[in-house]
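# Chains, contacts and geometry: an overview
Spelled out from the first residue to the last, the chains are:
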Amino acid sequence: MGVPLQMIRDKRFAKHFRQFITHDRDKQAFKAAYLLLKQGKPLPDAYHDHQLRHQRKGIRDFHLNDDMVVVYYRIVNEQIQFLDVGAHSKLFKKYKKF
């Protein structure tokens, strides 16, 4: 398997996580996804993990529920950087860079 990945959280991610992830269900879903990613394992299909189109290689997102999305960047040197979290409809409208 390889070395476990280290988590890096952007300030925007930390702020939005506190603001938007209020239900225990979503917190548990994030924790489960993070633990799998940290171990280098793929996420189950329920998370709809995929690379974002037309973007830098490596930027991906996964869903915590129908409309809550986590945007992250998997860095080769044993790090995973969480970029943002929020409602799909608002996140991709607001941040066209994703």
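Further up the page is the structure itself.
Attention here is on the structure that accompanies the text. (Residues numbered from 1 in each chain as written. Predicted model: local features only at pLDDT ≥ 70, side-chain atom pairs only at ≥ 80, totals over all residues. Heavy atoms only, no water.)

## Side note on the pairing of strand β5 (residues 79-87)
Within β5, nine of the nine residues are buried, which leaves the element mostly enclosed by the surrounding structure. Bridge analysis of strand β1 (residues 6-9) against β5 gives four bridges, and the strand direction is parallel. Bridging from a neighbouring strand, M7 pairs with I80 of β5. Of the strand pairs in this sheet, strand β4 (residues 68-75) and β5 are connected by eight bridges, and their pairing is antiparallel. For I75, the partnering residue across the bridge sits in β5 and is Q79. (Buried < 20%, exposed > 50% of the residue type's maximum accessible area, 1.4 Å probe, protein only. Helix = DSSP H or I, 4+ residues; strand = E, 2+ residues; numbered from the N terminus. Pairing = 2+ DSSP bridges.)

## What to know about the environment of N65
Along the polypeptide, N65 turns up in the loop between β3 (59-63) and β4. Of the residues examined, N65 reaches a relative accessible area of 26% and is grouped as partly exposed. Setting aside residues no more than four positions away along its own chain, N65 makes contact with R25 and D26. Within the structure, the side chain of N65 is placed 3.1 Å from the side chain of D26, a separation counted as a polar contact. At a separation of 2.9 Å, a polar atom in the side chain of N65 contacts the main-chain amide nitrogen of D67. (Contact = heavy atoms within 4.5 Å. Polar contact = N/O pair within 3.5 Å; in protein donor to acceptor, adjacent residues only side chain to side chain.)

## Some thoughts on unusual backbone geometry
The phi angle at H48 is positive, at roughly 50°, despite the residue not being glycine. If you trace the backbone, H48 turns up in the loop between α2 (24-38) and β2 (50-51).

## Describing the pattern of salt bridges
Applying the stated criterion to the full structure yields three salt bridges. Here D84 and R12 are joined by a salt bridge, their closest N and O atoms 3.2 Å apart. With a gap of 72 residues between them, D84 in strand β5 and R12 in helix α1 (residues 11-20) connect regions that are remote in the sequence. Here R12 falls in the partly exposed class, since its relative accessible area comes to 21%. The partner of D26 in a salt bridge is R25, with the nearest N and O atoms 3.8 Å apart. Given a relative accessible area of 2%, D26 falls into the buried group. (Salt bridge = Lys/Arg side-chain N within 4 Å of Asp/Glu carboxyl O.)

Any link to function would need more than the numbers given here.
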